[in-house]
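Residue-level listing of the chains:
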Amino acid sequence: MKLERKESNFSSSYLVSFDGEYMSIIKANNVKYRVKIKNENNEVVGHKTILDNINIDIKKGDFVAILGRNGSGKSTFAKHLNALLVPNEGSVLINGQDTSMVEELWEIRKQCGMVFQNPDNQIVGVTVEEDIAFGPENLGMSSEKIIKTVSHAIEKVGMSAFKKKSPNHLSGGQKQRVAIASSLAIKPECIVLDEPTAMLDPKGRKDVINLVRQLNKNDGMTIILITHHMEEAAIADTVIVLDQGKVAISGKPREVFSKIDEMKALKLELPQMMELSYRLHQKGKISRYDLLDIEEFVEQYMKDSRPAIDIYDKIGVHDAGRFGDIMVQSELNRIDEKNNNGKNNNGKTLLELIDVSYVYQPETAMKNIAVDHVNVSIRENEMIGVIGPTGSGKSTLIQLMNGLLRPSEGKIYFKGKDISGKGFQKKQLHFSVGLVFQYPESQLFEETVLSDVMYGPLNKGYEKEKAEAIARECLKSLGIGDEYFRKSPFDLSGGEKRRVAIAGVIAMEPEIIVLDEPTAGLDPLTREHLFYSLKMLKEEKNKTIVIVSHSMEDMAKYVERVIVMNGGKVMFDDTTRQVFQNSDALEKIGLAIPTVSYAMKRLKAEGYTDCDEAITIDEAVDVLSYE
Amino acid sequence: MLRDITLGQYYQTESKIHQLDPRVKLLSALVYIIMLFVCDDFSCYAICAIALWIVIRLSKVPIKFITKGLKTIVILLMISLLLNIFFTPGKVLFEFNFVRITEEGLIKAAKIGIRFILIIIASSLLTLTTTPTNLTDGLEKSLGFLNYIKIPVHEIAMMMSIALRFIPILMEETDKIIKAQTARGADFETGGMIKKAKSLIPIMIPLFVSALKRANNLAIAMEARCYHGGKDRTKMYPLKYNSRDFTAYFILFIFVVVLFVERFYVLKIFG
């Protein structure tokens, strides 16, 4: 990268004098951006302001995270940095060049690489190498130079082994790294990443974020990272929060996140450690509430309180460990009872998979055992999470559950009836076990929201009136009100579409609802709403919910039981708390435990608590306040 | 079900044929097909078949792989053969009710059959030995002259290569949408024609919507990476002729000469 720096300095050198001193690489001055709102006849009926007076100044080598809810203008702003959009008012200066003034747009674009959310939609090349070469080819570099640039970029992202491979055979995280290499290949001054990790599993996410961090630290690359993950934003130098097209807060992560009331008003989460320290601070257990990572938190906590062991020594209890165990155990029992946690053993078994296997393309060289002798039983009124790395067989498992796939081996029973045999009506099972695929909004097709949700019930053979009544009820239970019913589903926002699509499955009145990554790409508030609706379905309608997820924090917060898949086998199947005690085993397969659990483990190792079993912030606060 | 399509499949191996410039292979395939039409007698076909056999051996593509491509056209081939056998007027060899087989019919059918098979093998050999990217590059380069009559060759080639990249993605997507709608109780199997056609709507609309969305996103991603059409664009691996390719052109030339001699002189000498 050093070699490239020199060349790119050429364009900026004359601008240094222009500013006098240290150059800002990106400067947005009072940027306003509006879109026209058109009616059915294509007449302009009004304007919607997407960006409203944005002023941002980004210095070379900065790492900036942009946060904000869905629709806050983050992506629109990102597109301004690349002259994909130009402001209606105000100006965006990239390296001193006004994006609306330059004649050759690619002069701007080659200074600002972009990486988008969906890796599939940004890879042009048929092989990894060709894709990375696409940018340099567009810039008219010589063949030798392209080859050099490409191998340099591919090395940077650690994908050299995949040079000649087709991108279709890569995992999401690998594809995203290729996309980063592809933007590196145009030798930009900065890289804008628009929710690059939204579609990735924990390992892919970690790889991508580490890579971004490395590029910033080692190569001085300016990074602009748009994200919904507060933990990712916490590692940036600067955090900018956008809300309704305005800069709501900006500053160092610590400053921004410690404006807790403002953050809550903006409906954003806090990083877990910040939330935990804030809550403990309120209880007077810790003196600071602006702690960002585990290390900071543990250090501060240790400073502010004495080791648990000291207390026991003072009160003269010799068998301190045991005494502590009893205290803590009763504490967690209380939590478990409160949450109605635990194994829920008394429920009736609904779905039972016995020794089930599924093989893709059997008897060929491509043979692939996706699910390998799995035993799972799902009981009435449970809320179950399924986690596992990419390719561990999760999606195959859930497709077996609702009869889309017939097991190659083994038996599946639904309410005691064998459904893997030839005689059973698969269609019946589709109605009993509703399956919501990943990004379910891509299955919407009807003219109105209401009729789309009615599709399932009508297929079930219901009368139109009954189907409509059910559809209305389901939409309302997911927070979609009357005013949306006659709208086209394609006119809704992302989060609304998602809820309509889920309503479309729930409207078939299944007893078990299986959802594959239902919250992918949603902002924290929408995510919370969705989980709340699912919880209500469980509690009020007595449904069983199965959620496939990559978010350990969400799992810890919402589900009672977790099934961990790895290599087609069930690795763990236990209460959420028990599963998250196996941090080493989970890490080995590329998963993790909630951040708060790591902190609790550290505190236990240091002797500041006897209980490291808390998996949510609520629990951790309870445990730590009890000590 | 959608993964069985073998159109334009590439067989990965190292061979002299694989190493040839795609333009050589494109031109050779074209000349070969033209020659099959120009020289329509059995001795010429024999020469063509032998030439093709040599090329197949050189390419190291297993025969099994090539014949697999023929399976898909068997029905088409049978129909055209039968039509020719039964409906060509001439010297009657066999007659039963309205079925009449003529000598000319048999000869014509045999010729068409051979020609058909040779064309299919030759063109599948082209795609089996040339990567899709090379093929589009070759087309772009060799059709470059069309630029002068305002045909956007580069854009067409770019569309082709993007299509190649997105075919597997869209197939996966189709698979997913079919599954998602099946999970909502859709039924694609029972009912008459109209009901079946109607049941496709829940698949086609989402598929189109997603394809358009992908296209839009891809266009943005391409622009972000400085794409501005074919002007001043370079290639990482530009096509370059080397001695191997000139040898191939020379062999092609000999092949054409041999066929012409065979067709127009040898026959006359022998009668």
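Note that the structure is predicted; figures quoted are calculated from it, not measured.

Participant: Where do I start with the overall build of chain B in this structure?
Facilitator: For chain B, the count of helices and strands is eleven helices and two strands. When the elements of chain B are put in sequence order from the N terminus, they spell out α-α-α-α-α-β-β-α-α-α-α-α-α. Here chain B has a C-alpha radius of gyration of 24 Å; the compact-globule value for 271 residues is 18 Å, and the former is much larger. Seen along its three principal axes, the alpha-carbon backbone of chain B occupies a region of about 70 × 60 × 40 Å. Looking at chain B as a whole, 38% of its 271 residues qualify as buried. Long-range pairs, those at least 24 residues apart, make up 74% of the contacts in chain B with a sequence separation of at least 6.

Participant: Before we go on, may I ask you to explain the packing of aromatic side chains in this structure?
Facilitator: What characterises a pair of aromatic rings is the spacing of the ring centres plus the angle enclosed by the ring planes. Summed over the entire model, instances satisfying the criterion amount to ten aromatic pairs over all chains. Aromatic pair A:Tyr278 and A:Tyr289: ring centres 5.9 Å apart, planes at 75 degrees, arrangement edge-to-face. With a gap of eleven residues between them, A:Tyr278 in helix α11 (residues 272-282) and A:Tyr289 in the loop between α11 and α12 (294-304) connect regions that are remote in the sequence. Classification of A:Tyr278 by relative accessible area gives buried; the value is 17%. One aromatic cluster is present, built from ring pairs that chain together B:Tyr241, B:Phe246 and B:Tyr249. For A:Lys466, the ring lying beneath its charged end belongs to A:Tyr462, and the centroid distance is 4.0 Å. Above the ring of B:Phe42, the side-chain terminus of B:Lys111 is found at 5.9 Å from the ring centroid.

Participant: Explanation requested: the pattern of salt bridges in the structure shown.
Facilitator: Where charged atoms of side chains with opposite charge meet at close range, the side chains can pair. Considering all chains together, one arrives at 48 salt bridges over all chains under this definition. B:Lys235 is the partner of B:Asp137 in a salt bridge, and the nearest nitrogen-oxygen pair spans 2.9 Å. On the criterion of sequence distance, the pair formed by B:Asp137 in helix α7 (residues 132-142) and B:Lys235 in the loop between α10 (201-224) and α11 (243-270) is long-range, its members being 98 residues apart. A residue is classified by how much of its surface remains accessible, and B:Asp137, at 11% relative accessible area, is buried. Judged by its relative accessible area of 26%, B:Lys235 is partly exposed. By sharing partners, the salt bridges in this structure join A:Lys264, A:Glu275, A:Arg279 and A:Asp618 into a single network.

Participant: In this structure, what is going on with the sheet that holds strand β3 (residues 63-67) of chain A? I would like to understand it.
Facilitator: What links the strands of a sheet is backbone hydrogen bonding, and the strands pair in either a parallel or an antiparallel sense. Residues and elements named next belong to chain A. Taking strand neighbours across the sheet as the criterion, the six strands line up as β6-β7-β8-β3-β9-β10 in an open arrangement whose pairing is mixed. The open sheet terminates on both sides in strands that have one partner only, identified here as β6 (112-115) and β10 (246-251). Within the sheet, the average angular offset between the axes of one strand and its neighbour, ignoring direction, is 20 degrees. Across the sheet, helix α6 (residues 172-184) is in contact with β6 and β7 (190-194); its angle to β6 comes to roughly 165 degrees.

Participant: Looking at this model, I keep getting lost on the sheet that holds strand β1 (residues 24-38) of chain A. Mind explaining?
Facilitator: Residue and element names in this part refer to chain A. Taken in spatial order, the four strands line up as β2-β1-β4-β5 in an open sheet, and their pairing is antiparallel. Of all the strands in the sheet, just β2 (44-59) and β5 (97-98) have a single pairing partner and so form its edges. Across five bridges, β1 lies against strand β4 (residues 89-94) in antiparallel orientation. Bridged to Ile 26 within β4 is Ile 94.

Participant: Explanation requested: the interface of chain A and chain B in the structure shown.
Facilitator: How large an interface is tends to be reported as the accessible area lost when its parts come together. The interface of chain A with chain B comprises 62 residues on the first partner and 43 residues on the second. Both sides of the chain A and chain B interface together cover about 4,600 Å² of buried area, and 57% of this is carbon and sulfur. On inspection of chain A and its partner chain B, the count reaches six salt bridges. The shortest N-O distance in the salt bridge between B:Arg233 and A:Glu137 comes to 2.9 Å. Across the contact surface, chain A and chain B share 21 residue pairs in polar contact (both at pLDDT 80 or more). Those elements that place two or more of their residues in the side of chain A that touches chain B are α3 (105-109), α4 (128-138), α5 (143-156), α16 (426-432), α17 (449-459) and α19 (494-506) of chain A. No other element matches α4(A), which puts ten residues into the side of chain A that touches chain B.

Participant: Just checking my understanding: could you explain the packing of helix α2 (residues 22-38) of chain B against helix α6 (residues 103-129) of chain B for this structure?
Facilitator: Helix-helix packing: each pair is described by the crossing angle between the helix axes and the interaxial distance. All names here are of chain B. For the pair α2 and α6, the least separation of the axes is 10 Å and the interaxial angle reads 180 degrees. When the interaxial angle is binned, α2 and α6 end up roughly antiparallel. Of α6, the residues touching α2 (which contributes Lys 25, Leu 26, Ala 29, Tyr 32, Ile 33, Leu 36 and Phe 37) are Arg 115, Leu 118, Ile 119, Ala 122, Leu 126 and Thr 129. When grouped by side-chain class, the residues that make up the contact of α2 with α6 number ten nonpolar, one polar and two charged.

Participant: Would you explain the pairing of strand β13 (residues 383-387) of chain A in this entry?
Facilitator: In the case of a regular strand, side chains alternate between the two sheet surfaces. Residue and element names in this part refer to chain A. Judged by how many residues are buried, β13 sits mostly within the fold: five of five residues are covered. Residues Met 383, Gly 385 and Ile 387 of β13 are buried on one face, and the alternating residues Ile 384 and Val 386, pointing to the opposite face, are buried as well. Note: β13 against strand β19 (residues 561-566), four bridges, orientation parallel. Each bridged residue has a counterpart across the sheet, and for Ile 384 the counterpart in β19 is Arg 561.

Participant: In this structure, what is going on with the confidence of the model for chain B? I would like to understand it.
Facilitator: Caution applies to low-pLDDT parts of the model: their predicted coordinates are not meant to be read in detail. All names here are of chain B. Looking at chain B, pLDDT values average 85 and 95% of them are 70 or higher. Segment residues 1-6: pLDDT under 50, and seven contacts once partners within four positions in sequence are set aside and those in other chains are kept. Taken over the whole predicted complex, pTM reads 0.83, whereas the ipTM for its chain interfaces reads 0.83.

Participant: Explain the confidence of the model for chain A here, please?
Facilitator: Looking at chain A as a whole, the pLDDT averages 85, with 89% of positions reaching at least 70. Segment residues 1-21 of chain A: pLDDT under 50, and 29 contacts once partners within four positions in sequence are set aside and those in other chains are kept.

Participant: Even after reading the chapter, I still don't get the packing of helix α24 (residues 595-605) of chain A against helix α25 (residues 617-626) of chain A, so can you show me in this structure?
Facilitator: All names here are of chain A. It is the contact of α24 with α25, at a shortest axis distance of 10 Å, that shows an interaxial angle of 25 degrees. On the basis of their axis angle, the class for α24 and α25 is roughly parallel. Where α24 crosses over α25, the handedness of that crossing is left-handed. Facing Val 596, Met 600 and Leu 603 of α24, the residues of α25 in contact are Ile 617, Ala 620, Val 623 and Leu 624. Among the residues making up the contact of α24 with α25, the classes are represented as seven nonpolar, no polar and no charged.

Participant: What is the right way to look at the side chain of A:Asn138 in this model?
Facilitator: With respect to the helices and strands, A:Asn138 occurs in helix α4. A residue is classified by how much of its surface remains accessible, and A:Asn138, at 2% relative accessible area, is buried. Beyond its immediate stretch of four places on either side in the chain, A:Asn138 contacts B:Arg225, B:Cys226, B:Tyr227, B:His228, B:Asp232 and B:Arg233.

Participant: When you look at the pairing of strand β17 (residues 512-516) of chain A in this model, what are you seeing that I'm missing?
Facilitator: Residues and elements named next belong to chain A. Along β17, five of the five residues are buried, which leaves the element largely enclosed by surrounding structure. Residues Ile 512, Val 514 and Asp 516 line one face of β17 and the alternating positions Ile 513 and Leu 515 line the opposite face, and both faces are buried. Where strand β16 (residues 433-436) and β17 come together, four bridges link them in parallel fashion. If you follow Leu 435 over to β17, its bridge partner there is Val 514. Examined bridge by bridge, β17 and strand β18 (residues 544-548) share five bridges and lie parallel to one another. When the sheet's bridge partners are listed, Asp 516 is paired in β18 with Val 548. Each parallel crossover has a hand, and the one from β17 via helix α20 (residues 524-541) to β18 is right-handed.

Participant: I tried to follow the domain arrangement of chain B on my own but got confused; where do I start?
Facilitator: Residues and elements named next belong to chain B. For chain B, the domain assignment lists domain 1 (1-141 + 240-271) and domain 2 (152-238). One C-alpha centre belongs to domain 1, the other to domain 2, and the line joining them spans 32 Å. Summed over both sides, the interface between domain 1 and domain 2 buries roughly 1,000 Å², with carbon and sulfur atoms accounting for 66% of that surface. Linking domain 1 with domain 2 are one salt bridge. Remark: the boundary between domain 1 and domain 2 carries three residue pairs in polar contact (both at pLDDT 80 or more).

Thresholds applied
- Residues numbered from 1 in each chain as written.
- Chains lettered and ligands numbered in written order.
- Predicted model: local features only at pLDDT ≥ 70, side-chain atom pairs only at ≥ 80, totals over all residues.
- Heavy atoms only, no water.
- Helix = DSSP H or I, 4+ residues; strand = E, 2+ residues; numbered from the N terminus.
- Rg over C-alpha atoms; globule rule 2.2 N^0.38 Å.
- Buried < 20%, exposed > 50% of the residue type's maximum accessible area, 1.4 Å probe, protein only.
- Contact = heavy atoms within 4.5 Å.
- Phe/Tyr/Trp six-rings, centres within 6.5 Å; stacked < 30°, edge-to-face > 60°.
- Lys NZ or Arg CZ within 6 Å of the ring centre and 35° of its normal.
- Salt bridge = Lys/Arg side-chain N within 4 Å of Asp/Glu carboxyl O.
- Pairing = 2+ DSSP bridges.
- Axes fitted to C-alpha atoms, helices over the stretch in contact; angles between N-to-C directions.
- Buried area = accessible area lost by both parts, 1.4 Å probe.
- Polar contact = N/O pair within 3.5 Å; in protein donor to acceptor, adjacent residues only side chain to side chain.
- Parallel < 35°, antiparallel > 145°, perpendicular 65-115°, else oblique.
- Nonpolar A, V, L, I, M, F, W, Y, C, P; charged D, E, K, R; others polar.
- pLDDT = per-residue confidence, 0-100.
- Left-handed = near helix turned anticlockwise from the far one by under 90°.
- Right-handed = clockwise from strand over helix to strand, strands pointing away.
- Domains from an automatic or database assignment.

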